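Okay, here's what each chain looks like letter by letter:
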Amino acid sequence: MPTTVTSKGQVTIPKAVRDLLGLHAGSKVSFRRTRDGRVELVPQEEVRAKSSFAQYRGHAGTGMDTDAIMALTRDLPAEPDA
């Protein structure tokens, strides 16, 4: 799969290679020189940011019922247990 280097030193990674390595727009890669003089393209592991809800997973506390949790997420006053 030949490709051409642009005047800015850029190349297009063929789709088959991107798919094989799981690369997408914004992916980070490194280039590593091997002992025999070849250069390897190495995808960097992505550290995914936690979603805004994931940071609260497991932090609802003990003894809270569904109504109290829903009140917290909606900024409503919780009704006392009857």
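Turning next to the pairing of strand S2 (residues 39-43). Side-chain direction in a regular strand flips from residue to residue, so the side chains alternate between the two faces of the sheet. Bridging between strand S1 (residues 29-33) and S2 involves five bridges; their strand directions are antiparallel. In the sheet register, Ser-30 faces S2, and the bridge partner there is Val-42. Counting the residues between successive antiparallel strands, the hairpin from S1 to S2 contains five residues, one of them, Gly-37, with a positive phi of roughly 95 degrees.

In this section: the confidence of the model for the protein chain. Here the protein chain averages 81 in pLDDT, while 72% of its residues score no lower than 70. For the protein chain, per-element mean pLDDT is lowest for helix H2 (residues 66-73), which scores 80, and highest for S1, which scores 93.

The next subject is the pattern of salt bridges. For the structure shown, the criterion picks out two salt bridges. The partner of Asp-19 in a salt bridge is Lys-15, and the shortest N-O contact between them spans 2.9 Å. Pair noted here: Asp-19 and Lys-15 are both in helix H1 (residues 15-21), with a separation of four residues, about one helical turn. Judged by relative accessible area, Lys-15 falls into the exposed class, the value being 51%. Close ionic contact of Arg-38 with Asp-36 constitutes a salt bridge, the shortest N to O distance being 3.6 Å. Residues Arg-38 and Asp-36 agree in their burial class; the two are exposed.

Rules used in this analysis
- Counting of residues starts from 1 at the beginning of each chain's written sequence and follows it residue by residue.
- The model is predicted, so local features are restricted to residues of pLDDT at least 70 and side-chain atom pairs to those at 80 or more, both for listing and for counting; the totals for chains, interfaces and linings are taken over all residues.
- Only hydrogens and water are set aside; all other atoms, that is, all heavy atoms of the structure, feed into the side-chain values.
- When DSSP finds two or more bridges between a pair of strands, those strands are recorded as paired.
- Helix and strand labels come from DSSP, where a helix needs a run of H or I of at least four residues and a strand needs a run of E of at least two; each type is numbered from the N terminus.
- You can read pLDDT as the predictor saying how much it trusts each residue, on a scale of 0 to 100.
- Whenever a carboxyl oxygen of Asp or Glu lies within 4 Å of a side-chain nitrogen of Lys or Arg, that contact is scored as a salt bridge.
- A simple rule labels every residue: compare its accessible area, found with a 1.4 Å probe on the protein chains alone, to the largest value its type can have, and call it buried under 20%, exposed over 50%, or partly exposed in between.

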